[in-house]
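Understanding the architecture of this molecule
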Amino acid sequence: MSHSALVILHLYAAIFFVGTVFFEVIILEGIRPALGRETMRNVELAIGQRARRIMPFVILILFGAGLAMAWQFRAELAHPLGSHFATLLWIKIILAFSVLGHFITAITLSGTGRLKSRHFKWIHVSVFCHVVLIVFLAKAMFFL
């Protein structure tokens, strides 16, 4: 697959993923006090069920395209401190795999019924911080 096609797939999957995280952290957390504990718990459960159906495909596309693009930069990645580009790309990859770990944790907890509101909130805030850094690094890699 061409680099341009990989970039487009990766970009659309990233928009979908980051947009979902943004919605959950900025919008949902903002309405938590108005909805009350029980209603918010029901909203979180419904979102979790929907996310378990859709997000694995988004993650698969996001990581598949990302890994395919990273493969194209394998010479640079072999020397992580050899350039700003390689260093920033390595940091981006590490953050992305951390996000994947968060996602797997959330899906596992949700699937077993152990995802509590506090878990939901902190996992999403952590993922939000990660994706903000990843988006910054995605641009900084080409400008620094």
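Keep in mind that this is a model prediction, so the values were computed, not measured. (Residues numbered from 1 in each chain as written. Predicted model: local features only at pLDDT ≥ 70, side-chain atom pairs only at ≥ 80, totals over all residues. Heavy atoms only, no water.)

Notes on a nonpolar patch on the surface
There is a patch of nonpolar side chains on the surface, built from Ile8, Leu11, Tyr12 and Ile15 and spanning about 450 Å² of accessible area. Of note, Tyr12 is situated in helix 1 (residues 3-35). (Patch = residues over 30% accessible without salt bridge, like charges linked within 9 Å, V, L, I, M, F, W, Y side chains within 5 Å. Areas by Shrake-Rupley, 256 points an atom, 1.4 Å probe, with all protein chains shown as cover. Salt bridge = Lys/Arg side-chain N within 4 Å of Asp/Glu carboxyl O. Helix = DSSP H or I, 4+ residues; strand = E, 2+ residues; numbered from the N terminus.)

Let's talk about the nonpolar core
If you look at the biggest cluster of nonpolar residues, it comprises 37 residues, and the most contacted ones within it are Phe17, Val21, Leu89 and Val127. Elements supplying a minimum of two residues to this core: helix 1, helix 2 (37-72), helix 4 (84-111) and helix 5 (117-143). The greatest single-element share of this core, amounting to 11 residues, is contributed by helix 4. Excluding its chain neighbours within four sequence positions, the residues that come into contact with Phe17 are Met55, Val58, Ile59, Leu62, Val99, Val127 and Val131. (Core = buried A, V, L, I, M, F, W, Y, C linked by side-chain atoms within 4.5 Å. Buried < 20%, exposed > 50% of the residue type's maximum accessible area, 1.4 Å probe, protein only. Contact = heavy atoms within 4.5 Å.)

What about the environment of Glu44?
On the secondary structure map, Glu44 appears in helix 2. Judged by its relative accessible area of 3%, Glu44 falls in the buried class. Here the alpha-carbon distance between Glu44 and Ser110, two residues 66 residues apart in the chain, equals 9.6 Å. In this structure Glu44 touches Arg32, Ser117 and Phe120, once residues within four positions along its chain are discounted.

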